[in-house]
Amino acid sequence: MTWTLARRAERLEPSAIREILKLTERPGVISLAGGLPAAEGFPVEALAEASAKVLRDNPREALQYAASEGYAPLREWVAAETGRQGLQAEASQVLITAGSQQGLDLVGKLLVDPGSRVAVEAPTYLGALQAFAPYEAEFVAVEGDAEGPLADALDAARGARFVYLLPNFQNPSGRCLSAARRHAIADKAAAIGLPIVEDNPYGELWYDQPPPPPIAARAGTEAIYLGSFSKVLAPGLRLGYVVAPKALYPKLLQAKQAADLHTPSLNQRIVHEVVKDGFLERHVPTVRARYRLQRDAMRAALERHMPPGCRWNVPAGGMFFWVELPTELDSTALLPKAVAAGVAYVPGAPFFAGGGHAHTMRLSFVTVTPERIEAGVIALARVLQEALS
C-alpha cells in the first residue's frame, strides 16, 4: 500500500526553532535559543486554587463538551480587555482557540487559497509562516527599518489576502512600532484595500512604558486581532483568542469546529477564574520586573563581549534581542560550533519568507539567569571572533 500525500503536506516543514531546542538538551549548553516564558513566573498557586474551585463548583460542566465559540464569561472578559486597548468588539466576535497558533492556522484555512499572496514583515514570526504555508500561500515581504514595516512598502502587497503584523516587541526582532507608524500602516492598508491580521502575544511584557494602542484599534472592525494567555499565565494551558470581524466570524467558527470542536473547557474555566478579578494587574508586573533584569544583563554582556561589526537592538519589551553579524558570517553554519562551545541561539534566516539574511540571529534572555547570560554571551563571542579571524 502506498500513501499519497496531499499537495499541502509537501509544504509542511519542521520548525527550525524546535529542532534547535533539541540541541540545547545536551548537558552544559546555555540556551539563548528558546522563545519560552520563564517557568518561575507561572502562577502555580493561583492556578491550583482556581482548578480546585472550578472542579468543586462546576465539575460536570468543566469536564463536558462545550460551545465551539468558547466559555462565554471568558469571551466577555476578552472583549472588555481588548476594548480597553481601543478595539470596539463584542463578545460575539471573540473565538477562544487552542493557543494563538491555532488562530493563525484558522486564519490561513479561511483566507488562503493556493497561490494567494500573503504579506508579512521581514523578518516575521516563523510560526506564522508555518501556519500559512500549507495552504500554499505566496509570501510577499514588506520592507521596513529598525522600527518595523514601512507604510509605503505596503504598495508591494496590493492584492494580497492580508498583511500579518506583530507591532509589539516582535518575535524575532523585538521591535515595537510607534503610534505614528501604526497610524500610517492602518491608513495605508485602508487606502489600498489590504486587510490586517494583527498578532499580539507580547504586548503586556513592556519594560519602560506600555506600547501604543493596536493597529486594529485604528483599522476598525475589519481587522483580525489575535491574543494569547501563554506569556502572561502559562503556555501549557494552550489558550488564545481571535477577535474577528462579524462577517468572518461564522466561517471562522466552522473552521474551529472542524479542527477540534472546542478549546478545552476545563482550561478556559480555570483561566477565567484566575483573571476575572484583576489578577493579571498584580501578576504581570512581577514577570516584567524579572525579564527587565535579564534584558539588562544581556545588553551589558553584549556590549562587553561581542566582537566589532556586530549590531543589536535593545528591546523595550518582549523576550528577544535581534543580532546582526558581519555579513561574511553565516549563523546557521556557525551553530554547531556554538553548541560545541556551550551556547545555543536561533539563526535568523528562517524568519525571512524569502530566505537570505544568514548573518542574523535571535537571542532569548527570559529563561536564563544573568550569570548564565554572561557566560553564554562570552562563549558566543569567542565563536564569532574565531570565525572572523
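Residues numbered from 1 in each chain as written. Predicted model: local features only at pLDDT ≥ 70, side-chain atom pairs only at ≥ 80, totals over all residues. Heavy atoms only, no water.

A. Spatial organisation of the sheet that holds strand S2 (residues 94–97). Read across the open sheet, the 7 strands follow the order S2-S8-S7-S6-S5-S3-S4; overall the sheet is mixed. With partners counted over all chains shown, the strands left at the sheet margins are S2 and strand S4 (138–142), one partner each. Neighbouring strand axes in the sheet, compared pairwise and without regard to direction, differ in orientation by 20° on average. Judged from the 4 bridges that link them, strand S6 (residues 196–200) and strand S7 (residues 224–228) form a sheet pairing that is parallel. (Pairing = 2+ DSSP bridges. Helix = DSSP H or I, 4+ residues; strand = E, 2+ residues; numbered from the N terminus. Axes fitted to C-alpha atoms, helices over the stretch in contact; angles between N-to-C directions.)

B. Up close: the pairing of strand S10 (residues 320–324). Here S10 lies mainly inside the structure; 4 of its 5 residues are buried. In terms of strand pairing, strand S9 (residues 311–312) meets S10 through 2 bridges, oriented antiparallel. Counted as the bridge partner of tryptophan 312 is valine 323 from S10. Bridge count for S10 against strand S13 (residues 360–364) is 5 bridges, and the pairing is antiparallel. By the bridge assignment, phenylalanine 321 is partnered in S13 with leucine 363. (Buried < 20%, exposed > 50% of the residue type's maximum accessible area, 1.4 Å probe, protein only.)

C. The nonpolar core, seen in detail. Core analysis: the biggest nonpolar cluster contains 48 residues, and Phe229 and Leu233 have the highest contact counts within it. Ranked by size, the runner-up nonpolar core spans 47 residues in total, among them Ala38, Val323, Leu325 and Leu329. (Core = buried A, V, L, I, M, F, W, Y, C linked by side-chain atoms within 4.5 Å.)

D. The arrangement of the environment of histidine 283 in detail. Take histidine 283: it is sitting in helix H11 (residues 279–305). Sequence-distant contacts of histidine 283, defined by excluding residues within four places in its chain, comprise Gly41, Pro43 and Val232. (Contact = heavy atoms within 4.5 Å.)

E. Structural detail: the sheet that holds S10. Strand order across the open sheet formed by 4 strands is S9-S10-S13-S12, with antiparallel pairing between neighbours. In this open sheet, the two edge strands, each paired with only one partner strand, are S9 and strand S12 (346–347). Across 2 bridges, the pairing between S12 and S13 is antiparallel. Within S13, the position partnered with proline 347 by the bridge is methionine 361.

F. Molecular detail of helix H4 (residues 72–84). Look at H4: 19 Å from first C-alpha to last across 13 residues, which is about the 18 Å you get at 1.5 Å a residue. Within H4, the full set of buried residues consists of Leu74, Arg75, Trp77, Val78, Ala79 and Thr82. Lining the buried residues of H4 we find S2, S7, strand S8 (240–243), helix H9 (249–260), helix H10 (265–275) and H11. At the exit of H4 stands glycine 86, carrying a positive phi of roughly 110°. (Expected span 1.5 Å × (residues − 1).)

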